[in-house]
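# Coordinate inspection notes
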Amino acid sequence: MNHDMIDSRLLTAPHDPEVGKRLLRLGELGLGGTPDPEFDEFATELAQAAGAPYAMVNFIGESEQYFAGLHVPSSAKADAMKAAQSSSNATPSRTMARDHGFCPHVVVRRKALVLDDVCAYPRFAVNPVINSIGVRAYMGAPLIDRTDTALGTICVVATEESQWGRPGLELIKSMAAKVVDLIHQRERQR
């Protein structure tokens with residue numbers, strides 16, 4: 001196998017056999033395409049609990065990821081506002097290509113993932129988000145609902161190596177359970 005083939009394999013999101021089921025379920029729940037203030041609040045809570053600058057509630061579609069809940073540092077918000085004033089886009093982007101980042105791997109694996117240093121893992125070290133937005137540490141957990149559908153993830157990212165380890169794994173799993181409970185609560189209220 002030549003080097004080019006290895007790199008393209010590593011950069012591609014894993015095959016996702018449940019994407020059709022997920023899209024149907026997200027549609028039933030009315031999730032995945034618009035910012036959600038309650039998920040934004042949750043992302044802020046998650047960032048604070050993990051001691052990370054960025055946190056997301058992320059729903060994964062066929063070709064992109066959508067951050068329905070998003071927490072970014074105040075300095076990043078200010079930079080986004082300056083950029084918005086010089087363009088027609090007035091909000092920070094809430095989308096990312098499906099083959100960027102680590103959340104698609106978490107959804108397919110259906111298990112939480114803690115990467116205290118993403119560069120230490122060859123499978124993830126070449127991911128475009130490392131250089132484009134400076135991700136150095138990642139922690140995410142799948143959002144698996146009552147129908148056994150992996151809807152997306154919650155995640156935190158940091159621009160420096162972390163020491164989350166086992167306590168971080170327990171934190172991200174318990175926080176994912178809170179979001180799933182919230183989704184179920186909303187579903188019952190519909």
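Here, the structure is the one placed above.
Residues numbered from 1 in each chain as written. Predicted model: local features only at pLDDT ≥ 70, side-chain atom pairs only at ≥ 80, totals over all residues. Heavy atoms only, no water.

The helix and strand inventory of the protein stands at eight helices and six strands. Order of helices (α) and strands (β) in the protein, N terminus to C terminus: α-α-α-β-β-α-β-α-β-α-α-β-β-α. Sequence separation of 24 or more characterises 70% of the internal contacts of the protein that already satisfy a separation of 6 or more. For the protein, the exposed surface amounts to about 9800 Å²; the carbon and sulfur share of it is 53%. (Helix = DSSP H or I, 4+ residues; strand = E, 2+ residues; numbered from the N terminus. Contact = heavy atoms within 4.5 Å. Areas by Shrake-Rupley, 256 points an atom, 1.4 Å probe, with all protein chains shown as cover.)

Glancing now at empty space enclosed by the protein. In total, this model carries one cavity of 30 Å³ or more according to the counting rule given. As a volume, the largest cavity reaches approximately 120 Å³. M56, M96, G101, C155 and V157 are the residues nearest the centre of the largest cavity, which is lined by 16 residues in total. Elements with a contribution of two residues or more to the lining of the largest cavity: β1 (54-60), β2 (64-71), α5 (103-109) and β6 (150-158). By residue class, the composition of the lining of the largest cavity is 12 nonpolar, four polar and no charged. (1 Å grid on protein atoms, 1.4 Å probe; cavity = no way out; pocket = protein on both sides within 12 Å on 5 of 7 lines; lining within 4 Å. Points joined across faces, edges and corners; volume = space filled by probe spheres on them. Nonpolar A, V, L, I, M, F, W, Y, C, P; charged D, E, K, R; others polar.)

For the rest of this paragraph, the subject is helix α8 (residues 165-189). Taking 1.5 Å per residue, 25 residues should reach 36 Å; α8 reaches 37 Å between its end C-alpha atoms and fits that length. Of the positions making up α8, those classed as buried are G168, L169, I172, M175, A176, V179, V180, L182, I183 and H184. Those residues of α8 that are buried lie in contact with α2 (19-29), α3 (37-50), β1, β4 (113-115), β5 (137-144) and β6. (Expected span 1.5 Å × (residues − 1). Buried < 20%, exposed > 50% of the residue type's maximum accessible area, 1.4 Å probe, protein only.)

This part takes up the packing of α3 against α8. The N-to-C vectors of α3 and α8 enclose an angle of 165°; their axes lie 11 Å apart at closest approach. Viewed along their axes, α3 and α8 adopt a mutual orientation that is roughly antiparallel. The two elements α3 and α8 meet at a crossing, and its hand is right-handed. Note on element contacts: α8 touches α3 through L171, I172, M175, K178, V179, L182, I183 and R186, opposite E38, F39, F42, E45, L46, A49 and A50. Of the residues in the contact of α3 with α8, the class split is 11 nonpolar, no polar and four charged. (Axes fitted to C-alpha atoms, helices over the stretch in contact; angles between N-to-C directions. Parallel < 35°, antiparallel > 145°, perpendicular 65-115°, else oblique. Left-handed = near helix turned anticlockwise from the far one by under 90°.)

Let's shift gears to the environment of F59. Mapped onto the elements of the fold, F59 is located in strand β1. Sequence separation between F59 and T95 is 36 residues, and the spatial gap between their C-alpha atoms is 9.7 Å. Sequence-distant contacts of F59, that is, excluding residues within four places in its chain, are made with L26, L31, G32, F39, E64, Q65, Y66, A68, L143, L151, G152 and I183.

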